[in-house]
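# What the coordinates show
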Amino acid sequence: RKGYIGEAELANLVQAQGDHFVVAFGNAPGVHGPDVLSIGRDGRFTEWDSKARSAERSVGPSMAASGSLKLEELQAYVQREIASGRLPPELGYHALREFEDGNYNVCTVGTANAHNGYVETVRKRKSSGPRRP
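Before going into details, it helps to say that this report is about the structure given with it.

Moving on to the packing of helix α2 (residues 71-84) against helix α3 (residues 89-100). Put simply, α2 and α3 touch, their axes get as near as 9 Å, and they point 175° apart. Viewed along their axes, α2 and α3 adopt a mutual orientation that is roughly antiparallel. Judged by residue contacts, L71, L74, Q75, V78, Q79 and I82 of α2 engage P89, G92, Y93, L96, F99 and E100 from α3.

Below, the structure written as structure tokens:
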């Protein structure tokens, strides 16, 4: 339950930034996929991984997520959001082209009692490796 609450809070924070459009969050337990998925101002997907902890703890390098996005899932998310009228088609299709070219971001974020996080940029399918923002 705490994990889901952390994911919902993270989705709200990402959306509130004003430069990300949240296209998915809150997968059911056991379902693979990003905790939060957004498209940023740069037109690229960002996969957000929420690390909620009950005890005070820093997110360490071993907890950093690596990209797990799949094109078929991204296409389904984008189509759903375009059909709903929430996502401008040009932004969704641009993000899909960027992903096909191997360009996206991964952010691991501490929620609840966890703090700190990691950012990984992937460009032309080459990872920067996780690093502190």
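Turning next to the pairing of strand β2 (residues 36-40). Strand residues, when the strand is regular, have side chains that alternate between the two faces of the sheet. Of all the five residues making up β2, five are buried; the element is thus mostly covered by neighbouring parts of the structure. Burial along β2 is two-sided: V36, S38 and G40 and L37 and I39, pointing in opposite directions, are all buried. Where strand β1 (residues 20-25) meets β2, five bridges bridge the pair, whose relative direction is antiparallel. Within β2, the position partnered with H20 by the bridge is G40.

Below, the discussion takes up the side chain of N105. Take N105: it is sitting in strand β4 (residues 104-115). Reaching out from N105, the side chain makes a polar contact with the side chain of T46 at a distance of 3.4 Å. For N105, the contacting residues outside a window of four places in its chain are D42, R44, F45, T46, E47, E120, T121 and R123.

Right, let's talk about the pattern of salt bridges for a bit. All told, the structure shown has four salt bridges when counted by the stated rule. Residues R44 and D42 are paired through a salt bridge, measuring 3.8 Å at the closest nitrogen-oxygen approach. One network of salt bridges, in which partners are shared, links D42, R44 and E98.

The next thing to look at is the packing of aromatic side chains. A full pass over the atoms with the stated rule returns two aromatic pairs. Here the aromatic rings of F45 and F99 are separated by 6.5 Å at their centres, their planes lie at 85°, and the arrangement is edge-to-face. On the criterion of sequence distance, the pair formed by F45 in strand β3 (residues 45-58) and F99 in helix α3 is long-range, its members being 54 residues apart. Given a relative accessible area of 13%, F99 falls into the buried group. Taken together, a centroid distance of 5.4 Å and an interplanar angle of 45° make the contact between F99 and Y104 tilted. The pair F99 / Y104 is uniform in exposure class, with both members buried.

Thresholds, definitions, all that
- Residues numbered from 1 in each chain as written.
- Predicted model: local features only at pLDDT ≥ 70, side-chain atom pairs only at ≥ 80, totals over all residues.
- Heavy atoms only, no water.
- Axes fitted to C-alpha atoms, helices over the stretch in contact; angles between N-to-C directions.
- Helix = DSSP H or I, 4+ residues; strand = E, 2+ residues; numbered from the N terminus.
- Parallel < 35°, antiparallel > 145°, perpendicular 65-115°, else oblique.
- Contact = heavy atoms within 4.5 Å.
- Buried < 20%, exposed > 50% of the residue type's maximum accessible area, 1.4 Å probe, protein only.
- Pairing = 2+ DSSP bridges.
- Polar contact = N/O pair within 3.5 Å; in protein donor to acceptor, adjacent residues only side chain to side chain.
- Salt bridge = Lys/Arg side-chain N within 4 Å of Asp/Glu carboxyl O.
- Phe/Tyr/Trp six-rings, centres within 6.5 Å; stacked < 30°, edge-to-face > 60°.

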